[in-house]
Amino acid sequence: MIEIVNLKKGFGKQRVLNGLNLKVLNKELVAVIGQSGGGKSVLLKHLIGIIRPDEGKILIEGVDITGVGGKELDRVRERFGVVFQEGALFDSLTVYENIAFPLREKTRMEKYEIEARVIQGLEDVGLREMGDKYPAEISGGMKRRVALARALITEPAIVLFDEPTTGLDPIISSSIHKLITKTHKKYGFTGLIISHEIPEIFEVADKIAMLYNGTIIETGHPEEFRHSDNPYVRQFISGSLEGPIELL
Amino acid sequence: MTIYDMTACVRLIGAWFLGLLRELGRMFLFLLDALVTIFRPPFKFKMLMRQIRFLGSKSMVVILLTGSFTGMVLALQIYYTLRKFGSEALLGPAVALSIIRELGPVLSALMVTGRAGSALTAEIGIMKITEQIDALTSMALNPIRYLIVPNIVAALIAFPLLTAIFDLIGIYGGYFVGVKLLGMSSGTYFSQMETFLKMEDIRVGLYKSLSFGVIVSWVCCYKGYFTGYGAEGVSKATTSAVVLSSVLILIWDYFLGSVLLR
Ligand SMILES: Nc1ncnc2c1ncn2[C@@H]1O[C@H](COP(=O)(O)OP(=O)(O)OP(=O)(O)O)[C@@H](O)[C@H]1O
Ligand SMILES: [Mg+2]
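The sections below set out a description of the structure shown in this document. None of the values given here were measured: they were computed from a predicted structure. (Residues numbered from 1 in each chain as written. Chains lettered and ligands numbered in written order. Predicted model: local features only at pLDDT ≥ 70, side-chain atom pairs only at ≥ 80, totals over all residues. Heavy atoms only, no water.)

### A word on the sheet that holds strand β10 (residues 215–220) of chain A
Within a sheet, each strand pairs with its neighbour through backbone hydrogen bonds, oriented either parallel or antiparallel. Residues and elements named next belong to chain A. Our working rule: DSSP-based pairing: two strands are paired if at least 2 bridges between them are found. To qualify as a helix, a DSSP run of H or I must reach at least 4 residues; to qualify as a strand, a run of E must reach at least 2; elements of each kind are numbered from the N terminus. Lines are fitted to the C-alpha atoms to define the axes, a helix being fitted only along its stretch in contact, and any angle between axes, read from their N-to-C directions, falls within 0 to 180 degrees. Here, residues are in contact when the closest pair of their heavy atoms is within 4.5 Å.
One open sheet accounts for six strands, arranged β6-β7-β8-β3-β9-β10; its pairing is mixed. With one partner strand each, in any of the chains shown, β6 (80–83) and β10 form the two edges of the open sheet. The mean inter-strand angle of the sheet, taken between neighbouring strand axes irrespective of direction, is 15°. Bridge analysis of strand β3 (residues 29–34) against strand β9 (residues 207–212) gives five bridges, and the strand direction is parallel. Residue pairing for β9: V32 is matched across the bridge by A209. Contacts between helix α1 (residues 40–47) and the sheet are confined to β3, β6, β7 (158–162), β8 (190–194) and β9, with β7 contributing the most and set at about 155° to the helix. Contacts between helix α9 (residues 231–238) and the sheet are confined to β3, β9 and β10, with β9 contributing the most and set at about 100° to the helix.

As structure tokens, then:
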């Protein structure tokens, strides 16, 4: 379980997170929606201790990670798989090596076991033929799928997705969404997914949380969200210019 | 000038100075972190090999070219100077000493900075802005171990070797000019060198090249690792890495030459 309590973070004078609270139950897939530049990626980076908060607590399975560092923090990180916004594939490694990387570096698995897993992983994301290519040689959509395969290869207990489909065509988007749903069913991870894909994300996530002005202003099941009477939520999911939301 | 202008001025200088101190502190902590990590397993030999190839063997052509021409120019210049005193016979040791003690280490370091140091900063900077470094961290892997340590160790291995090659080829460049073009006897060129060149001189060159290796890899890695945002951030980081490395090389060279290794 992930529990974020009163998280505050600013950069210089700019306040990004302003006392944010959010709970993600075990095996639940929660989507965070919100404006561009609203601090969603910043929130995600707090969860793995890449950004340290000014105030507040982040409890991962009951352990507050804001106070720990070094080996202890690394042990928490080992439970995570992360799909970064642009994939963040290592560009000196091939697709195959990228996916194999966490297994090679973090486990004592035999070579043949790693190979079997990676090939399965490549197949899961529909990229069996692409193992020998370098990230620079494949398309943006393929990169995201490789990143997905890399994040899931260690079968992590918690997976974070930062806009896994933004900027991709609708068909690839839905194939990635399907992939997320499928792997979520298969591995049963706890997931946090940042997304702009409204309404498609409502089909993927168990719960939606909307980030506005540095806090979560509403959480609920997708159905509740669709019929929310919160004016901010209504304006955001309808993409209307009329309403209380200030443009950043 | 009013008192307000003066306080504003002092404040500006103070802010600049504090910023400088903070940056220096961050740089030294970075180096310290890397130096401690060097001795902690697991060691990343594959990355080390890759970086030795990148910093070392790929710099060979540049080193061969600059080394030979430096030796040739030097021989030409020194020959005309020495002739005024009637001591052309000392051309060999004069060329060898200036190359081994000074020009070899310094010019090799500057050339490697230009060829490989800038590329190193750009590579690490791009890894930073495309979140590849965050990805390493998120896998509970230490980016210092994977990205920085291999470069520092590779530089410690590659710089002395490149410098040795520079020295050798430079001395032969001087030989070519002195003996083949200006008509000195080849016996004089080398026998005088043997008389005047001490092990001490070679040691000075070695220490210099080792310390330049640390300076270049440290500065270039640091600038890449703390690069700003976007393509502009990377290009700025690259420029300042090359400038800072070069300036530090020259300052440190003077310092070593005058204080430590007289
Ligand atoms: N390391 C940092 N240093 C300074 N400011 C930062 C840093 N990271 C993010 N910010 C600022 O925090 C704000 C939120 O950024 P963030 O990347 O979290 O937005 P986002 O919600 O993910 O937007 P998008 O949907 O476009 O990805 C931005 O204004 C950004 O400039
Ligand atoms: Mg973002």
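### Re the coordination of the magnesium ion (ligand 2)
This is how the line gets drawn: Coordinating donors are taken to be N, O and S atoms lying within 2.8 Å of the metal, or within 3.2 Å when the metal is Na, K or Ca; because water is excluded from the atom set, some sites may appear incomplete.
Coordination of the magnesium ion (ligand 2) by the protein comes from S41 of chain A (OG) and Q85 of chain A (OE1), over a distance range of 1.9 to 2.4 Å. Separated by 44 residues along the polypeptide, S41 of chain A in helix α1 and Q85 of chain A in the loop between β6 and α3 (95–106) bring together distant segments of the chain.

### Details of the interface of chain A and chain B
Going by this rule: By convention, the term buried area covers the 1.4 Å-probe accessible surface removed from two parts as they join, with the contributions of both added. Just to be clear on terms, a salt bridge is a Lys or Arg side-chain nitrogen sitting within 4 Å of an Asp or Glu carboxyl oxygen.
Between chain A and chain B, the residue contacts involve 20 residues of the former and 16 residues of the latter. Buried surface at the junction of chain A and chain B, both sides included, amounts to about 1,500 Å², of which 59% is carbon and sulfur. Among the residues chain A hides against chain B, the three largest losses belong to R77, F90 and E105 of chain A. Together they make up 27% of the total. The tally of links between chain A and chain B comes to three salt bridges.

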